Amino acid sequence: MLLGLVLLLSMGLSQNVAAVDKLLDDGKFQEAYEAGLRLGNAEGFVLAAKAASYFAGYQAKDSEKADWFGRAESAARRAIQADADNAEAYFELARAQGRLSQYRGILESLGLASSIKENLDKTLRLNPRHAGAKVALALWHHSLISKNVGWLYGANGNQIMPLFNEAIQLEPQAIIHKVELAGVLAAQGKKEEARKQYEAALAIAPKTAADRYDLERARRELAALR
């Protein structure tokens, strides 16, 4: 009887996680955030953090963004408290911190740089094939170098392209990886290479709401290259 109860609880949790994933895929990010928190475990908090970051990045008004990235950071920390070996929790924390750095003062933002790197390194130690973390780490190197403070944190421009290439090899159909790479190439003045990446992204059929938002970004940034 006890084993049966455990199995039923496990099935229920799996169904609840799938329901939150469905909300995310459908672009119902605020609902997904609340539903993830209600799960009350590491996986639920990870989903809540992801949903909060997605809402902030894709749907929130400018005045709401910092608050929602803060919610993402808080949910990710709760996930780590629940499971210190959860790779996705560290990735979501790094993602939230990276975006929060855009809304804080220069000193506080630079202070987050080491924490972001540490959390991405933890993600990759726990899951060496985490493509999203590889892209985020490439962006970390690019961002600090472009601000002329890379030397303070050990940022290395030679790491950028290898990390992007590894991520795209792992997830060749991930639209966001190509869009992020294109943005870096454009910032480096490599417009033709950037254009190819935007076009490659636009050739991929979207599967989720996030994919559709990323394609809108690709169209907008590709148009700005011309």
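This one's a predicted model, so the numbers in the text were calculated from it and none came from an experiment.

**Q** Just to check I follow, could you spell out the pattern of salt bridges for this structure?
**A** It is possible for side chains of opposite charge to pair when their charged atoms get near one another. Under the counting rule described, the total for this entry stands at 10 salt bridges. Taking the shortest distance from any N to any O, the salt bridge between arginine 71 and aspartate 67 comes out at 3.1 Å. Taken as a pair, arginine 71 and aspartate 67 lie in helix H4 (residues 62–82) at a separation of four residues, close to a single helical turn. When its relative accessible area of 42% is taken as the criterion, aspartate 67 is described as partly exposed. Put simply, lysine 134 and glutamate 166 hold a salt bridge, and the shortest N to O gap is 2.9 Å. Of the two residues, lysine 134 is situated in helix H7 (residues 131–146) and glutamate 166 in helix H9 (residues 160–170); the sequence distance between them amounts to 32 residues. Through salt bridges that share partners, Glu180, Arg217 and Glu221 make up one connected network.

**Q** Before we go on, may I ask you to explain the packing of helix H10 (residues 175–187) against helix H11 (residues 191–202) in this structure?
**A** Two measures define how a pair of helices packs: the angle their axes make with one another and the distance between the axes. Contact pair H10 / H11: the axes reach a minimum separation of 8 Å and the direction vectors enclose 165°. Viewed along their axes, H10 and H11 adopt a mutual orientation that is roughly antiparallel. Read as a crossing pair, H10 and H11 show a hand that is left-handed. Taken together, the residues of H11 that come into contact with H10 (itself represented by Ile175, Lys178, Val179, Leu181, Ala182, Gly183, Leu185 and Ala186) are Glu193, Ala194, Gln197, Tyr198, Ala200 and Ala201. In the contact of H10 with H11, the residues fall into 10 nonpolar, two polar and two charged.

**Q** Teacher, can you tell me more about the nonpolar core here?
**A** Generally speaking, a soluble globular protein has its nonpolar side chains buried in company with each other. The biggest cluster of nonpolar side chains holds 35 residues, and the ones touching the most others in it are Leu120, Trp140, Phe164 and Tyr198. Elements represented by at least two residues in this core include exactly helix H5 (87–100), helix H6 (106–126), H7, H9, H10, H11 and helix H12 (209–225). When residues in this core are grouped by element, the largest group, seven residues, is from H7. Setting aside residues up to four positions removed in sequence, phenylalanine 164 forms contacts with Val135, Ala138, Leu139, His177, Glu180, Leu181 and Val184. Core analysis: the next-biggest nonpolar cluster, separate from the first, contains 34 residues, Val20, Ala32, Leu39 and Ala96 among them.

**Q** Please clarify how the side chain of lysine 65 should be interpreted in this entry.
**A** Counting through the fold element by element, lysine 65 comes out in helix H4. Here lysine 65 is buried and forms no salt bridge, its nearest opposite-charge partner aspartate 62 lying at an N-O distance of 4.6 Å.

**Q** What should I look at first to understand helix H2 (residues 29–39) in this one?
**A** Think of an α-helix as turning once every 3.6 residues; residues three or four places apart then point the same way. Those residues of H2 that fall on the buried side of the exposure criterion are Phe29, Ala32, Tyr33, Ala35, Gly36 and Leu39. Note on H2: the residue one or two positions beyond its end, glycine 40, has a positive phi of about 70°.

**Q** Could you clarify how one ought to interpret H4 in this entry?
**A** For H4, spanning 21 residues, the distance from its first C-alpha to its last is 31 Å, which sits close to the expected 30 Å at 1.5 Å a residue. Inspection of H4 places Lys65, Trp68, Phe69, Ala72, Glu73, Ala75, Ala76, Ala79 and Ile80 among the buried residues, and these make up the whole buried set. Contacts from the buried residues of H4 go to H2, helix H3 (42–59) and H5.

**Q** Even after reading the chapter, I still don't get the packing of aromatic side chains, so can you show me in this structure?
**A** The description of an aromatic ring pair rests on the distance of the ring centres and on the angle between the ring planes. One pass over the full model with this rule turns up six aromatic pairs. Where phenylalanine 29 meets tyrosine 54, the ring centres are 5.4 Å apart and the plane angle is 75°; that geometry is what we call edge-to-face. Taken together, the residues phenylalanine 29 in helix H2 and tyrosine 54 in helix H3 connect sequence positions 25 residues apart. Neither phenylalanine 29 nor tyrosine 54 differs from the other in exposure class; each is buried. Through a chain of ring-to-ring contacts, three or more aromatic side chains come together here, namely Phe29, Tyr54, Tyr58 and Tyr213. Over the aromatic face of tryptophan 68 sits the side chain of arginine 71, whose NZ or CZ is 4.1 Å from the ring centroid. Lying across the ring of tryptophan 140, lysine 117 places its NZ or CZ 5.6 Å from the centre.

What counts and what doesn't
Here, residues in each chain are numbered from 1, in the same order as that chain's written sequence. Under the rules for a predicted model, residues below a pLDDT of 70 receive no local features and side-chain atom pairs below 80 are neither given nor counted, while totals for whole chains, interfaces and linings still include all residues. The side-chain values count all of the structure's non-hydrogen atoms but skip hydrogen atoms and water molecules. For this analysis, a salt bridge means a side-chain nitrogen from Lys or Arg found within 4 Å of a carboxyl oxygen belonging to Asp or Glu. Numbering of helices and strands runs from the N terminus; a helix is a DSSP stretch of H or I covering at least four residues, while a strand is a stretch of E covering at least two. Three labels apply to residues, based on accessible area from a 1.4 Å probe with only protein chains included: buried if under 20% of the type maximum, exposed if over 50%, partly exposed otherwise in between. Axis lines are fitted through C-alpha atoms, for helices just across the contact stretch, and the angle between N-to-C directions can take any value from 0 to 180 degrees. Working definition: roughly parallel below 35 degrees, roughly antiparallel above 145 degrees, roughly perpendicular at 65 to 115 degrees, and oblique for all remaining angles. Note on convention: near helix rotated counterclockwise from far helix by under a right angle means a left-handed crossing. Clockwise means right-handed. Contacts between residues were defined by any pair of non-hydrogen atoms, one from each residue, lying within 4.5 Å. Note that Gly is not counted as nonpolar here; it falls among the polar residues with everything else outside the nonpolar set of Ala, Val, Leu, Ile, Met, Phe, Trp, Tyr, Cys and Pro and the charged set of Asp, Glu, Lys and Arg. Take the buried Ala, Val, Leu, Ile, Met, Phe, Trp, Tyr and Cys residues and link them wherever side-chain atoms come within 4.5 Å; each set so joined is a nonpolar core. Charge assignment in this entry is limited to Lys and Arg as positive and Asp and Glu as negative, and neither His nor the chain termini are counted. The span one expects for a helix is its residue count, reduced by one, times 1.5 Å. Ring pairs are drawn from Phe, Tyr and Trp, using the six-membered ring of Trp, whenever the two centres fall within 6.5 Å, and their geometry is named by plane angle: stacked under 30 degrees, edge-to-face over 60, tilted for the rest. Geometrically, a charge over a ring is one whose NZ (Lys) or CZ (Arg) sits within 6 Å of the ring centre while staying within 35 degrees of the ring normal.

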